[in-house]
Amino acid sequence: MFSSSTFRAASRLSMRQANPFLIKSTSPGASALSVLQTRSAATNTSENVTQDQAYSILVAQRKLRPVSPHLSIYQPQLTWYGSAANRVTGAAISGGVYVFALAYLASPALGLHVESASIAAAFGALPVAAKVGIKGMLALPFTYHSWNGIRHLVWDTGNALDMRGVYASGYAVLGLTTLSTAYLAFL
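Since the model is a prediction, treat every value here as computed from it, not as a measurement.

**Quick notes on the overall build of the chain**
Phase 1: In terms of helices and strands, the chain carries 7 helices and 0 strands.
Phase 2: Mapped from its N terminus to its C terminus, the chain presents α and β elements in the order α-α-α-α-α-α-α.
Phase 3: Considering the chain as a whole, with its 187 residues, one finds that 21% of them fall into the buried category.
Phase 4: Long-range pairs, those at least 24 residues apart, make up 60% of the contacts in the chain with a sequence separation of at least 6.
Phase 5: Entry remark: accessible area of the chain is about 13300 Å², with carbon and sulfur atoms responsible for 68%.

**Side note on the layout of surface pockets**
If a probe as big as a water molecule is rolled over the atoms, it shows which places are left empty.
Phase 1: In this structure, the largest pocket spans a volume of roughly 290 Å³.
Phase 2: What lines the largest pocket is A92, I93, G96, V97, F100, M137, L138 and P141.
Phase 3: Mapped by element, the contributors of at least two residues to the lining of the largest pocket are α4 (78-110) and α6 (128-156).
Phase 4: Considering every element that reaches the lining of the largest pocket, the biggest residue donor is α4, with 5 residues.
Phase 5: In terms of residue class, the lining of the largest pocket is made up of 7 nonpolar, 1 polar and no charged.

**Regarding helix α7 (residues 163-186)**
Phase 1: Helix length check: α7 (24 residues) gives 35 Å between terminal C-alpha atoms against 34 Å at 1.5 Å per residue, within 8%.
Phase 2: Among the residues of α7, those classed as buried are G165, V166, S169, G170, V173, T177, S180, T181 and A185.
Phase 3: Residues of α7 that are buried make contact with α4 and α6.

**What to know about the packing of α6 against α7**
Phase 1: Between α6 and α7, the least distance of the axes is 8 Å, while the angle of their chain directions is 150°. Overall, the two elements α6 and α7 adopt an arrangement that is roughly antiparallel. Where α6 crosses over α7, the two elements pack in a sense that is right-handed. Contacts between α6 and α7 pair V132, K135, G136, A139, L140, T143, Y144, W147, N148, R151 and W155 from the former with V166, S169, G170, V173, L174, L176, T177, S180, T181, L184, A185 and F186 from the latter.
Phase 2: Class assignment for the residues of the contact of α6 with α7 results in 13 nonpolar, 8 polar and 2 charged.

**Observations regarding unusual backbone geometry**
Phase 1: The backbone phi angle of A160 is positive, close to 60°, even though this residue is not glycine.
Phase 2: Along the polypeptide, A160 turns up in the loop between α6 and α7.

**Regarding the UniProt feature "transmembrane region" (unreviewed entry) in the chain**
Phase 1: Mapped onto the present numbering, the UniProt feature "transmembrane region" (unreviewed entry) falls at residues 88-107, 119-144 and 165-186.
Phase 2: Along residues 88-107 the backbone is 100% helical and 0% strand, and the end-to-end C-alpha distance reaches 28 Å.

Procedures and definitions
- Every chain's residues receive numbers from 1 upward, in the order its sequence appears when written.
- Predicted model: local features are reported for residues with pLDDT of at least 70 only, side-chain atom pairs are reported and counted for 80 or more only, and whole-chain, interface and lining totals are derived from all residues.
- With hydrogens and water set aside, each side-chain value is computed from the structure's full complement of heavy atoms.
- In this text, helices come from DSSP runs of H or I with a minimum length of four residues, and strands from runs of E with a minimum of two, each type numbered from the N-terminal end.
- Three labels apply to residues, based on accessible area from a 1.4 Å probe with only protein chains included: buried if under 20% of the type maximum, exposed if over 50%, partly exposed otherwise in between.
- In what follows, residue pairs with any heavy atoms lying within 4.5 Å of each other are defined as contacts.
- To measure how exposed things are, a 1.4 Å probe is used in the Shrake-Rupley method; for residues, cover is taken only from the protein chains shown.
- Computed over the protein atoms alone on a 1 Å grid, cavities are sets of points where a 1.4 Å probe fits but cannot get out and pockets are open sets with protein on both sides within 12 Å along at least five of seven lines; a residue lines them when it has an atom within 4 Å of a point.
- Grid points are joined across faces, edges and corners, and a volume is the space filled by probe spheres set on the points.
- We call Asp, Glu, Lys and Arg charged. Ala, Val, Leu, Ile, Met, Phe, Trp, Tyr, Cys and Pro are nonpolar, and the rest, Gly among them, are polar.
- What a helix is expected to span follows from its residue count: subtract one and scale by 1.5 Å.
- Every axis corresponds to a line fitted to the C-alpha atoms, with the helix fit spanning only the stretch in contact, and the corresponding angles, defined between N-to-C directions, vary from 0 to 180 degrees.
- Roughly parallel covers angles under 35 degrees, roughly antiparallel covers those over 145, roughly perpendicular covers 65 to 115, and oblique covers all other angles.
- Definitions for this section: a left-handed crossing has its near helix turned counterclockwise from the far helix by less than a right angle. A right-handed crossing has that turn clockwise.
- UniProt positions are given in the numbering used here, feature names are shortened, and annotations may be inferred rather than shown by experiment.

Right, dumping it as structure tokens:
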């Protein structure tokens, strides 16, 4: 598939990448062919590298690159979970509002009854456990996002930005979320 001269060129190129002092600087927008020709000229070789060879060298080098571990190298922390939960609850609240607004606007054309009186009547007919569950599911993202928003407003003033303050405010948000969700669900 690859010729031996292509492998030699790729190995010389990877050796020069390992030692940055052997590489001549090139512009950031340079093509692979111009980079290879510049580097080939810097080592006084007489090989002419074609566009296909340059591309195959580039593909071979990309296969040898390590894959970034991304999130798997970090230890999960309260701040990490809190940030993700804030984004998820914000998306859930805004998505729920958009879906309800669209259903409310489309209901007369579709013959549905999404007005307040019919929603209240349908909710009133549910068993108590279902009412508590539905109110809890609606209250949880709202209360968490609200308390975490207040936490961010406190951070905007420059307070509680040290590790102790960040964790204390994180646990406070979790506690206040639990209490306010339970209050709204059983109200």
